[in-house]
Amino acid sequence: MRKGSCQSLQAFHNCFGFCRVNSQFVRDTLREIYKQRAGHLVTQLVTSSYNQINLREKQLDPSDFNALRFALHYSDGIRLDLTNAIIPLEELGNVLKFLDRVLELRYAFHVVCA
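All of the points below concern the structure found in this document.

Rules behind the numbers
- Per-chain numbering applies: the sequence of each chain, read as written, is numbered from 1 onward.
- Predicted model: local features are reported for residues with pLDDT of at least 70 only, side-chain atom pairs are reported and counted for 80 or more only, and whole-chain, interface and lining totals are derived from all residues.
- Water and hydrogen atoms were dropped before computing side-chain values, which therefore reflect all heavy atoms in the structure.
- A cavity, in this analysis, means grid points on a 1 Å lattice covering only the protein atoms where a 1.4 Å probe fits yet has no way out; a pocket is instead an open set bounded by protein on both sides within 12 Å along at least five of seven lines, and a residue lines either one if it has an atom within 4 Å of a point.
- Grid points are joined across faces, edges and corners, and a volume is the space filled by probe spheres set on the points.
- Going along the chain from the N terminus, every DSSP run of H or I of four or more residues is numbered as a helix, and every run of E of two or more is numbered as a strand.
- Basically, the charged four are Asp, Glu, Lys and Arg, the nonpolar ten are Ala, Val, Leu, Ile, Met, Phe, Trp, Tyr, Cys and Pro, and anything else, Gly included, counts as polar.
- Angles run from 0 to 180 degrees between N-to-C directions of axes, and those axes are lines fitted to C-alpha atoms, restricted for helices to the stretch in contact.
- Our angle categories are set so that under 35 degrees counts as roughly parallel, over 145 as roughly antiparallel, 65 to 115 as roughly perpendicular, and the remainder as oblique.
- The hand of a helix crossing depends on one turn: near helix anticlockwise from the far one by less than a right angle means left-handed, and clockwise means right-handed.
- In this description, contact between two residues means that some pair of their heavy atoms is separated by no more than 4.5 Å.
- By definition, a salt bridge exists where a carboxyl oxygen of Asp or Glu is found within 4 Å of a side-chain nitrogen of Lys or Arg.
- Partly exposed describes any residue whose relative accessible area lies between the buried limit of under 20% and the exposed limit of over 50%, with all areas from a 1.4 Å probe on protein chains only and scaled to the type maximum.

### Considering empty space enclosed by the protein
Logical step 1: Overall, the coordinates contain three cavities of 30 Å³ or more when judged by the stated rule.
Logical step 2: Forming the walls of the largest cavity are Arg-27, Leu-30, Arg-31, Leu-55, Leu-60, Asp-64 and Ala-67.
Logical step 3: Where the lining of the largest cavity is concerned, the elements lending two or more residues are helix H2 (23–36) and helix H4 (62–73).
Logical step 4: By residue number, the principal contributor to the lining of the largest cavity is H2, which donates three residues.
Logical step 5: Taken together, the residues of the lining of the largest cavity break down into four nonpolar, no polar and three charged.

Spelled out as structure tokens, the structure:
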């Protein structure tokens, strides 16, 4: 995402709510929000996608988990979709610490050994 894309996302959100958000879009947006430490945008993203963070079928790396932990800190009662996500083994324990913020978890993990 380019600089200013969070502002564009915020403007877009004000006009539309998302029915089903593409997992690539969610991953890229969470990374950008995390870089800018813009917690208020996490709330808007989650609200506009009907309280769901969709990371389905994504290969996730440590920077994705930093962004996800940041997002979960600003979220409560969300649905987290990690179906067929590829998760590094060292990150699996880190995400489990934040599951108390998740109302519904969808998963079928592919864990990658270090």
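### Some points on the packing of H2 against helix H3 (residues 39–48)
Logical step 1: As a packed pair, H2 and H3 sit with axes 9 Å apart at the nearest point and diverge in direction by 160 degrees. Classified by the interaxial angle, the pair formed by H2 and H3 is roughly antiparallel. The two elements H2 and H3 cross, and the hand of that crossing is right-handed. Here H2 contributes Phe-25, Thr-29, Leu-30 and Ile-33 to the contact with H3, which in turn contributes Leu-41, Val-42 and Leu-45.
Logical step 2: Split into classes, the residues belonging to the contact of H2 with H3 amount to six nonpolar, one polar and no charged.

### Considerations on the pattern of salt bridges
Logical step 1: For the structure on display, the rule yields six salt bridges.
Logical step 2: A salt bridge links Arg-106 to Glu-104; its shortest N-O distance comes to 3.0 Å.
Logical step 3: On the accessibility criterion, Glu-104 (30% relative accessible area) is partly exposed.
Logical step 4: Among the charged side chains, a salt-bridge network with shared partners connects Arg-27, Arg-31, Asp-61 and Asp-64.

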